[in-house]
6 protein chains.
Amino acid sequence: MDEAAARSEIRRFLAEDVGRGDITTELTVPTGRPGTARIEAREGCVVAGIEVARWCFEELEGDLEWRPEVVDGDELRAPGILTRLSTDLGSILTIERTALNLLGRMSAIATQARRYVAAVAATPARIVDTRKTTPGLRMFERYAVRVGGASNHRFGLDDGILIKDNHIAAAGGVSEAVRRARAGAPHGLKVEVEVTDLAQLDEALSAGADAVLLDNMDVRTTTEAVQQAGGKVLLESSGGITLENVGAYAETGVDLISVGALTHSVRTIDVALELE
Amino acid sequence: MDEAAARSEIRRFLAEDVGRGDITTELTVPTGRPGTARIEAREGCVVAGIEVARWCFEELEGDLEWRPEVVDGDELRAPGILTRLSTDLGSILTIERTALNLLGRMSAIATQARRYVAAVAATPARIVDTRKTTPGLRMFERYAVRVGGASNHRFGLDDGILIKDNHIAAAGGVSEAVRRARAGAPHGLKVEVEVTDLAQLDEALSAGADAVLLDNMDVRTTTEAVQQAGGKVLLESSGGITLENVGAYAETGVDLISVGALTHSVRTIDVALELE
Amino acid sequence: MDEAAARSEIRRFLAEDVGRGDITTELTVPTGRPGTARIEAREGCVVAGIEVARWCFEELEGDLEWRPEVVDGDELRAPGILTRLSTDLGSILTIERTALNLLGRMSAIATQARRYVAAVAATPARIVDTRKTTPGLRMFERYAVRVGGASNHRFGLDDGILIKDNHIAAAGGVSEAVRRARAGAPHGLKVEVEVTDLAQLDEALSAGADAVLLDNMDVRTTTEAVQQAGGKVLLESSGGITLENVGAYAETGVDLISVGALTHSVRTIDVALELE
Amino acid sequence: MDEAAARSEIRRFLAEDVGRGDITTELTVPTGRPGTARIEAREGCVVAGIEVARWCFEELEGDLEWRPEVVDGDELRAPGILTRLSTDLGSILTIERTALNLLGRMSAIATQARRYVAAVAATPARIVDTRKTTPGLRMFERYAVRVGGASNHRFGLDDGILIKDNHIAAAGGVSEAVRRARAGAPHGLKVEVEVTDLAQLDEALSAGADAVLLDNMDVRTTTEAVQQAGGKVLLESSGGITLENVGAYAETGVDLISVGALTHSVRTIDVALELE
Amino acid sequence: MDEAAARSEIRRFLAEDVGRGDITTELTVPTGRPGTARIEAREGCVVAGIEVARWCFEELEGDLEWRPEVVDGDELRAPGILTRLSTDLGSILTIERTALNLLGRMSAIATQARRYVAAVAATPARIVDTRKTTPGLRMFERYAVRVGGASNHRFGLDDGILIKDNHIAAAGGVSEAVRRARAGAPHGLKVEVEVTDLAQLDEALSAGADAVLLDNMDVRTTTEAVQQAGGKVLLESSGGITLENVGAYAETGVDLISVGALTHSVRTIDVALELE
Amino acid sequence: MDEAAARSEIRRFLAEDVGRGDITTELTVPTGRPGTARIEAREGCVVAGIEVARWCFEELEGDLEWRPEVVDGDELRAPGILTRLSTDLGSILTIERTALNLLGRMSAIATQARRYVAAVAATPARIVDTRKTTPGLRMFERYAVRVGGASNHRFGLDDGILIKDNHIAAAGGVSEAVRRARAGAPHGLKVEVEVTDLAQLDEALSAGADAVLLDNMDVRTTTEAVQQAGGKVLLESSGGITLENVGAYAETGVDLISVGALTHSVRTIDVALELE
């Protein structure tokens, strides 16, 4: 994760929460008093966002002493301490909520990703995320996906080519859509196309696609698709993937399995800050 | 929701996803071709974000014809159509994901809020949100909370006073913390203080707090707290509230019940865009 | 005052004055030559803005040695030294005007506020400012008001509720306006309403207002209003307050007296920078 | 005044005052209700800022009908109407304060400038402003100076050369400072130098200055300076100029008289908005 | 080219040139006078930037009538008219220079690109640009390259993988560098690696690179490289390419030829604006 | 050059090239590995931009050790080392292209300027630049012009007055245009006017212009113009100036010679970075 970019976003998050100032803290906590606190997880998780939390606390005044007990990617049993920190007491209280909101969300994503990765561990398939991220948080959520052991798909619409059903309809068919993409794409980008059945897969193979996304295809058809492709293109299963069926998909031999639920439906991990 | 502020955020969300341009659409969809699509929900929900979605589609070139079939707050059975739209086909495909990400998330929050509100409908208690929102999305999430029928707590640290346990510890007690806040607060803000037991509640009442947050207090103690307060302050239950127990809390007579899960753990509503 | 926010504004002020560079200094002052100067007041004042001035001088290159002889809130007789400073000579000359413009204005506000506070010192009434501040400078001007010993009203339209005559007219009366505000306001905000006579005051009391602004009410009527309110709400006198009559208003027993002239009509304090 | 730049500043001013939204108006004024109001001056003035006020009201939603009764530069007796306006009622109430704060301040500056200009009307001397403007408002204040009939000095440090006492000290004398400036200045800029006595004036003339600022020089010495200069350079009187003595300075024959009080000490004009 | 992004940059370019306002035009040209002008090329060129120029003129006030006589990509003999325009006369004079600076530069790039493309027209080789663009202008320069008929390489460091000599050195060899990139790259990106001799090419082929850049390789060795690669990867010639030798490189059978001189050394096309 | 402003632009340039991150370097270069490199020129040049390049490398993480072997303005024979640097290896590779693009361009401008200055060295004429700079780079290009020994014209439209043919046409003649400018210009700015023949020059002299630009005037007529002006105004030759004829123009006695080719047609200097 690009630290400068992340810090810039963190400043926006703090501005959202702090606004013109933390009135309560200004009124009740003496200026300049030092404080020490710990951040702990109240449920088991794969930790993600320890550095992000540190960057939060570095935004306000006061030197920060940061003594993490874990690194991103560690699995933590509950209750478990993520870090201790010492700095200006008022700053701790002002930053707390924003840091915890990020930590809880990022750890939830990493935890979920780790589950999916574990479910396909016996196969070479890679779990990848989708663009179903929370608007404005893609940088953080993609990072958490990687912490969990999964891989990232393209970042956005500009650094990868994925021809979907609507593009195919607009272009007049799989072959024509792939042909246009191959003709005009920067030479460093592969051409991936989404298909819904084996006939379309055949068309995609003939048209020279580099990768094919098998959209909402059941496991049996996916197995046939793998045979049909014969290793000539990357195959990605997508749609309707759950923790229950992801193993079966992986065993078909597809290269990639994309899972929107990694990021679009996150039950936050319960993390809290306690003064010591 | 402030339309200008929301549009400004939407531009940032689109920049995140579109970056330097939607290569796939540029390569496969002819420029200037008109398109018509519908957005539909594939599961029942309370709709929130119809206008937000429209603002998304208005960001790119092409006049937009927007024909919504619902308004925010409507309950929709699945499958149900939220809106139809006509504009430049390429723009539809470029904007689609960002609009759906917002719609799915906001509708999920409104749906959840509606459930909590229904569970306390027989009482005068108000369901309120917390600051456990997704960083950067508070404006949108608070709006969805209201669409669901619940109320908003303060927006951030600068437009409300809430003295929490750590402030109390720093100030040296409930009384002193409340005294400081009353002395220095702008006269238009109430002073709310968090207490964990009835002794602290007593102290808060004596110190002149305007509102008291009962932190993680069980239903029985909450009932005693309501009696003890005797209507002299606003009482807010917070911590450990679930759909199962929220009714019992409401029946104790508290004025407010705050629920972090309205925003911190959202399972997105499945919404999709189909070309027609 | 939020230091980071203030520094950000200071950078804008310097950009306004310095533009593409201080040509005169570049042409006449050798690069890298150190300089020492003092800032002095040429008339008596309550000093406000010493730190703000320091932040100005810290914006340009060159380590700054800052040796203040006063702190904000000190009363200074003329001629009196506010601070000495040593840094790059050219930077001193480039920054000088912006720093003095802020110091002169802020000290003028603090000086004026101190006069009003002194005039009501024998009463419990608090002097408060208004939103009649200089556009873009509210953060600095409100701070200077506090330095002078007065209090701040709400910062802006979003962190306090004040129902004025035009709102009342639009809502159809004091009662209805207060009712709407109480129903929809975040529970941490008090509802203040402006009234022009005792009948409206009565209506405001019945409707459950938390505070009442007595608009342009003479001293005798104000005395009656205090009796009528009987301590049940906060009372604020506003409009037509001068140094001459503020004491009489304070003696009526109102809680707050707001004075637009604290900020809307400022005769700058004459401060100057001299090289040593 | 550059309209686009002014509108950009106005957005900042409104953001300062409105923040996350005008709660009171949202709660008490029905959405979408039209309103009509007039802005009136409650004391005589030279009007400045009519267009600026219009730009303010154009920032919020709702078509604006603007029916001004004066143009900038008109002299208005009190009470006098500046303009009528019709638009969304809520928007009127939200914008009102910012628009009035600008109008009151700008009109005060124009009124003061007009007084100084009138006092020297019998002579060819021009009244000019200084850099003693309110930080962040220079564009607006310089415009108001022109509306009042006076002229602007350089905008900032980058579009004019003015060698002051501290530059002279750093350079080692008037001659050397002027020499350096002439050697390095872009050829389109004149070289102006500040002098405090006739010996320095002599030095400035010999060194080839294009203009000379006579700093805090009394009227008699100024008369001698005019003779000494013999029309070869522009002469500017500065320092200690008041409405009482400005006429005497003008009669000495100086070309320019700069007056800091035009902008640094402004008693706002009382303007108000009334719903009709 | 993304119109919104381009317009945003154009505003920055105008701010650079216009600053606080076009004094000369304000002083000499009456406000509100309409004007008509033509933009003409005084030397033959491939036109690029007609729309960009229009966007420039649309930035200032005054409705714009724009009557272009060419479209981007047209070859124009000198003297030739690019467009006629009618709008506020003062605005024409203020915008003129910025619009011409862009037009002249972009047309120069398109003209140069067209020459290289023509020189390889008999072969399937594509001419591509490099990252040797003018800082801040990449969007405009890449567009002009396409107008000239050449293709774009990756936009920046984030949307394509190109392993260069220094990366190879850091990774410890071609094989290891390619291996790392293949393991970690998003699956939609090809892995391109730079080699300087046939041994490295062999290594790149074995390691599974998708594309290979032949760095400063002479024509004879390039011919051998093409044979060695046998169509299994994309081959790109780069370094030392001139109009004289580009045809010979193209005939070797490489797929791509990148030319830094398309953008890093541009002799502007002489375009001028004449009032009519 | 204003360092803070330059650094701000450099951040934009890096954002353009690096975008969401340098994928190749992230994938192939181990994090935290130190590196040392040298920047060398592969052709003779006047160096400009050494500090600018340093600022580039200071933008990314990692302490920078910078050991320049030249300063701006030095003439370097090829191959020659400009600087050595040590910092994080990955950062070196990420920054390299942006730094070299700036260095190559700035050095090219300084080199060209030096040639023109040398060609007029026997005369008092000054070579000056024009507004024909690359949009967005004026600050850097003007600096390079000065490094080469030439002088800068006005920065933009707001810090100098230059009445051109179109202004004259709009005003109705040279006299009227000059009169208007003299009447309204800030007193610190000279009035320069462009003329195309001796009759217009005569008119300009009578109207009181401070400087006259002789537009596309041949050498013989320029000689007459110098005599006609008799030293009363600054004379600037402009248009059609080349390295071949610039000396002849200088010998006519004009004060200034402006050369658009200093900046509008730059063949970049070949600079490269080599790891050591």
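Here, the structure is the one placed above.
Described below are features of the structure shown in this document.

Criteria and thresholds
- Residues numbered from 1 in each chain as written.
- Chains lettered and ligands numbered in written order.
- Predicted model: local features only at pLDDT ≥ 70, side-chain atom pairs only at ≥ 80, totals over all residues.
- Heavy atoms only, no water.
- Helix = DSSP H or I, 4+ residues; strand = E, 2+ residues; numbered from the N terminus.
- Expected span 1.5 Å × (residues − 1).
- Buried < 20%, exposed > 50% of the residue type's maximum accessible area, 1.4 Å probe, protein only.
- Contact = heavy atoms within 4.5 Å.
- Polar contact = N/O pair within 3.5 Å; in protein donor to acceptor, adjacent residues only side chain to side chain.
- Buried area = accessible area lost by both parts, 1.4 Å probe.
- Salt bridge = Lys/Arg side-chain N within 4 Å of Asp/Glu carboxyl O.
- Axes fitted to C-alpha atoms, helices over the stretch in contact; angles between N-to-C directions.
- Parallel < 35°, antiparallel > 145°, perpendicular 65-115°, else oblique.
- Left-handed = near helix turned anticlockwise from the far one by under 90°.
- Nonpolar A, V, L, I, M, F, W, Y, C, P; charged D, E, K, R; others polar.
- Lys, Arg positive; Asp, Glu negative; His and termini not counted.
- Least-squares fit on C-alpha atoms with pLDDT ≥ 70 in both.
- Phe/Tyr/Trp six-rings, centres within 6.5 Å; stacked < 30°, edge-to-face > 60°.
- Pairing = 2+ DSSP bridges.

**Focus on helix α1 (residues 3-18) of chain D**
Turning to step 1, where the next piece is worked out: When the terminal C-alpha atoms of α1 of chain D are compared, their 22 Å separation across 16 residues agrees well with the 22 Å that a helix rising 1.5 Å per residue should span.
Turning to step 2, where the next piece is worked out: Buried residues of α1 of chain D: Ala-6, Arg-7, Glu-9, Ile-10, Phe-13, Leu-14, Glu-16, Asp-17 and Val-18 of chain D, and no others.
Turning to step 3, where the next piece is worked out: Here the buried face of α1 of chain D lies against α1 (3-18) and α5 (138-147) of chain C together with α3 (50-57), α4 (89-119) and α5 (138-147) of chain D.
Turning to step 4, where the next piece is worked out: You can read the cap of α1 of chain D off the contacts: a side-chain oxygen lies 3.0 Å from the backbone nitrogen of Ala-4 of chain D, and it is on Asp-2 of chain D.
Turning to step 5, where the next piece is worked out: Count one or two residues on from α1 of chain D and you reach Gly-19 of chain D, which has phi positive near 55°.

**Description of the interface of chain B and chain A**
Turning to step 1, where the next piece is worked out: With 62 residues of chain B in contact, the opposing surface of chain A contributes 62 residues.
Turning to step 2, where the next piece is worked out: Where chain B abuts chain A, roughly 5,000 Å² becomes buried across the two surfaces, and 55% of that area is made up of carbon and sulfur atoms.
Turning to step 3, where the next piece is worked out: Among the residues chain B hides against chain A, the three largest losses belong to Glu-16, Pro-135 and Leu-157 of chain B. Together they make up 14% of the total.
Turning to step 4, where the next piece is worked out: At the junction of chain B with chain A, the criterion picks out six salt bridges.

**Side note on the packing of helix α8 (residues 198-207) of chain D against helix α9 (residues 219-229) of chain D**
Residues and elements named next belong to chain D.
Turning to step 1, where the next piece is worked out: Packing of α8 against α9 leaves a shortest axis separation of 10 Å and a crossing angle of 25°. One way to sum up the angle between α8 and α9 is to call them roughly parallel. Both α8 and α9 take part in a crossing whose hand is right-handed. Residue-level inspection shows Leu-198, Leu-201, Asp-202 and Leu-205 of α8 in contact with α9, the latter providing Thr-221, Glu-224, Ala-225, Gln-228 and Ala-229.
Turning to step 2, where the next piece is worked out: Across the contact of α8 with α9, the residue classes tally to five nonpolar, two polar and two charged.

**Observations concerning the side chain of Arg-142 of chain D**
All names here are of chain D.
Turning to step 1, where the next piece is worked out: The topology assignment puts Arg-142 in helix α5.
Turning to step 2, where the next piece is worked out: Although buried, Arg-142 forms no salt bridge, and the nearest oppositely charged side chain, Asp-129, lies 4.6 Å from it.
Turning to step 3, where the next piece is worked out: What Arg-142 contacts, discounting residues up to four positions off in sequence, is Asp-129, Asn-152, His-153, Arg-154 and Phe-155.

**A short note on the relation of the copies chain B and chain A**
Copies of the same chain, two in number, are related to each other by a rotation about an axis and a translation along it.
Turning to step 1, where the next piece is worked out: The operation relating chain B to chain A is a screw motion whose rotation component is 180°, with 0.0 Å of axial translation and a residual RMSD of 0.0 Å. With respect to symmetry, the two chain copies, as superposed, fit the operation of a two-fold axis. The position closest to the rotation axis in chain B is occupied by the C-alpha of Val-266 of chain B, lying 3.0 Å away.

**Looking at the pattern of salt bridges**
Turning to step 1, where the next piece is worked out: For the structure shown, the criterion picks out 133 salt bridges over all chains.
Turning to step 2, where the next piece is worked out: Here Glu-176 of chain E ties to Arg-180 of chain E by a salt bridge, and the two come within 2.9 Å at their closest N and O atoms. Taken together, the residues span about one helical turn, with Glu-176 of chain E and Arg-180 of chain E both in helix α7 (residues 174-184) at a distance of four residues.
Turning to step 3, where the next piece is worked out: The class for Glu-176 of chain E is partly exposed, based on a relative accessible area of 25%.
Turning to step 4, where the next piece is worked out: The network of salt bridges with common partners includes Arg-38, Glu-40, Arg-42, Glu-69, Arg-84, Glu-274 and Glu-276 of chain A.

**Quick word on the packing of aromatic side chains**
Turning to step 1, where the next piece is worked out: If you walk through the whole model with that rule in mind, you get twelve aromatic pairs over all chains.
Turning to step 2, where the next piece is worked out: On the numbers, 6.0 Å between centres and 40° between planes, the contact of Phe-57 of chain D with Trp-66 of chain D is tilted. Across the pair, Trp-66 of chain D and Phe-57 of chain D agree in class, each one buried.
Turning to step 3, where the next piece is worked out: Ring geometry for Phe-13 of chain E versus Phe-140 of chain E: centroids 5.7 Å apart, planes at 50°, classification tilted. Taken together, the residues span a long stretch of sequence, with Phe-13 of chain E in helix α1 (residues 3-18) and Phe-140 of chain E in helix α5 (residues 138-147) at a distance of 127 residues. Of the two residues examined, Phe-13 of chain E and Phe-140 of chain E, each falls in the buried class.

**Quick word on the sheet that holds strand β9 (residues 211-215) of chain F**
Residue and element names in this part refer to chain F.
Turning to step 1, where the next piece is worked out: Spatial strand order, β6-β11-β10-β9-β8-β7: six strands in an open sheet with parallel pairing. Every other strand in the sheet has two partners, leaving β6 (126-128) and β7 (161-163) as the edge strands with one partner each. Averaged over all neighbouring strand pairs, the angle between strand axes comes to 25°, with direction disregarded.
Turning to step 2, where the next piece is worked out: Where strand β8 (residues 191-195) meets β9, four bridges bridge the pair, whose relative direction is parallel. Note on β9: the bridge partner recorded for Val-195 is Leu-214.
Turning to step 3, where the next piece is worked out: Packed onto the sheet, helix α9 (residues 219-229) meets β9 and β10 (234-238) and runs at close to 165° relative to β10.

**Regarding the packing of helix α4 (residues 89-119) of chain F against helix α5 (residues 138-147) of chain F**
When two helices pack together, their arrangement is given by the angle between the helix axes and by the axis-to-axis distance.
All names here are of chain F.
Turning to step 1, where the next piece is worked out: Between α4 and α5, whose axes approach to 7 Å, the crossing angle comes to 40°. Here α5 runs oblique to α4, going by the angle between their axes. The crossing of α4 and α5 is right-handed. Residues Arg-105, Met-106, Ile-109, Ala-110, Ala-113 and Arg-114 of α4 form the contact with α5, whose participating residues are Phe-140, Glu-141, Tyr-143, Ala-144, Val-145 and Val-147.
Turning to step 2, where the next piece is worked out: Of the residues contributing to the contact of α4 with α5, the split by class is nine nonpolar, no polar and three charged.

**With respect to the environment of Val-212 of chain A**
All names here are of chain A.
Turning to step 1, where the next piece is worked out: Summarising the element assignment, Val-212 is placed in strand β9 (residues 211-215).
Turning to step 2, where the next piece is worked out: The class for Val-212 is buried, based on a relative accessible area of 0%.
Turning to step 3, where the next piece is worked out: The spacing of Val-212 and Ile-39 is 173 residues in sequence and 44 Å in space, taken between C-alpha atoms.
Turning to step 4, where the next piece is worked out: Not counting residues up to four positions away in its chain, the partners in contact with Val-212 are Glu-192, Val-193, Val-195, Leu-201, Ala-204, Val-233, Leu-234, Leu-235 and Glu-236.

Keep in mind these numbers describe shape, not what the thing actually does.
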